[in-house]
Amino acid sequence: MNKELESSITSWREKFAQELRRGVLVLAVLSQLGEAQYGYDLMRILGEQGLQVEQGTLYPLLRRLEEEGLLESEWRIEGARPRRYYRISKRGKEVLELLLADWRALALAMEKLIK
Amino acid sequence: MELIERYLYQVGRYLPLKQREDILTELRSYILDALDVSEGVEADEAQVVALLKQMGPPQKAAASYHSGMNYLIGPELFPLFRLVVSIVLIVVLGALILAMAVGAIFDSGSLSLSTPQGILETLAGLWNALISAFGMTVFVFAVLQYFGVHMQEEEKWDPRQLPPITQEGEQVSRAGTAVEIAVNVLLLVLLGIFVDKGGVLAHMNGVAITDEVIQTYAPLIGLVLVVSLLFYAYVSRQARWSPPMRFIKVLVSLLSIATLYALIQGHVAWLNAHGGSSFLTTLESLELLPQNAIAITQNVTMQGFRLGFTIALVVEGIETVVEVVRLVQYKLTPSGGVPYTQVEG
């Protein structure tokens, strides 16, 4: 395979992968915040399960979700270091249920298609 | 650590004031977590540098916090914007070129196109006007974008209202039609101004330079321009040229030709009565003396118009012949027309 074709396939794959991750990130985040977490730890948890997220993506997302009322946050001082803990709100839980249903329907559709 | 604070300060510069402290505190918290230092221990500089590099330049790090208002003109408005820009630029350019031509003919004072400096100034004015028109359009659309005004077409659209496909005929050129409409509008405006000023083109030493012939024929010229305008307005709503449309175009052209011919004859008659219809005969009958300056200018102006109308007549005539040829071709082809996949220039 010549180099041009290879590199364009790679960039295609990266774009696609990025779109997929962007698509599922909100669902992943909401699913993990049943208990209060702080940003860095959440990053670690998602990463351990195979969903790599950068600080520049996750932290602004957490802020936005809070602005939209899906999360609640509070600062906790642990030692000398303040940390912001996020937790899913009541509204967030409702939305999460709906998103989970959407996700399952989509996954089912894909399963059938790729058989 | 100082390096961290310097970084955070720079990021803060690009953050909205209200949320700045909050975001920076959170960022500092993240950095310290990522460096994994226990209290009181300074992190290794290399480590800090690596982390900050990973977070990206301050401006980029700050940018990820405003995903709200990222577009000056968003993807929904952009196609319309492009269309409007092209129309606006064509119309402004057309208006300016016409104004330049008019200025060159009428301007008995400073002939602005005769010196290099004059030409540069004119071009600069042209550029200025184009940039201003473009900027205004951008501004209008940016405002629309900001207030979230979008094209609502999608919802009310009905497939049944789409125009039928004509099986033959070339595509209507949208740019060409826009230009035709613009030119007609401009000529109407010029005609209006001209009539409003009582047929006076310019003043020379207190005496008016006029064109009586145009003034006499003004209603006819106006009528032809309006007819042409209406025709092209109709054309602009069609996708393709149908034979009936071509036929009407030929009729409109003939109307223009008749008017132009009348104007030319009128000018020739005037010229013959006022010193001759060519530059040489003019000089013979009106000697090149200061007291004859006004008369000579008037005469030359009329000759200029006659020349202009003659050129227009020739051009219109050629176009009409081409249209008639196309009409005849259509009548003669056995299948009744060109299949619609073929697009002519």
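Residues numbered from 1 in each chain as written. Chains lettered and ligands numbered in written order. Predicted model: local features only at pLDDT ≥ 70, side-chain atom pairs only at ≥ 80, totals over all residues. Heavy atoms only, no water.

Comments concerning the pairing of strand S2 (residues 207-210) of chain B
Residues and elements named next belong to chain B.
- Strand direction decides the pairing type here: strand S1 (residues 200-204) and S2, joined by 4 bridges, are antiparallel. Paired with Ala202 across the two strands is Ile209, which belongs to S2.
- The loop that links S1 with its antiparallel partner S2 comprises 2 residues; one of these, Asn205, has a positive phi angle of about 50 degrees. (Pairing = 2+ DSSP bridges. Helix = DSSP H or I, 4+ residues; strand = E, 2+ residues; numbered from the N terminus.)

What about the interface of chain A and chain B?
- The interface is formed by 18 residues belonging to chain A together with 17 residues belonging to chain B.
- Overall, the association of chain A and chain B removes approximately 1600 Å² of surface from exposure, summing both partners, and the carbon and sulfur fraction of that is 50%.
- Per-residue buried area on chain A facing chain B is highest for Gln55, Arg63 and Arg81 of chain A; these three make up 37% of the total on that side.
- Put simply, chain A and chain B have 6 salt bridges between them.
- Glu26 of chain B is paired through a salt bridge with Arg63 of chain A; the nearest N and O atoms lie 3.4 Å apart.
- Along the contact surface separating chain A from chain B lie 10 residue pairs in polar contact (both at pLDDT 80 or more).
- Put simply, the parts of the chain that give the side of chain A that touches chain B at least two residues each are helix H2 (39-48), helix H3 (55-67) and strand S3 (81-88) of chain A. (Contact = heavy atoms within 4.5 Å. Buried area = accessible area lost by both parts, 1.4 Å probe. Salt bridge = Lys/Arg side-chain N within 4 Å of Asp/Glu carboxyl O. Polar contact = N/O pair within 3.5 Å; in protein donor to acceptor, adjacent residues only side chain to side chain.)

Digging into H2 of chain A
Residue and element names in this part refer to chain A.
- Counting buried positions along H2 gives 7 out of 10 residues, so the element sits mostly inside the fold.
- Listing the buried residues of H2 in full gives Gly39, Asp41, Leu42, Met43, Ile45, Leu46 and Gly47.
- Once H2 finishes, Gly50 follows within two positions and takes phi at roughly 105 degrees, a positive value. (Buried < 20%, exposed > 50% of the residue type's maximum accessible area, 1.4 Å probe, protein only.)

Structural notes on the pattern of salt bridges
- This structure, assessed with the given rule, holds 13 salt bridges over all chains.
- Here Asp22 of chain B and Arg63 of chain A are joined by a salt bridge, their closest N and O atoms 3.2 Å apart. One end of the pair, Asp22 of chain B, is in helix H2 (residues 17-35); the other, Arg63 of chain A, is in helix H3, on a second chain.
- The salt bridge involving Arg28 of chain B is made with Glu5 of chain B; its shortest N-O contact spans 2.9 Å.

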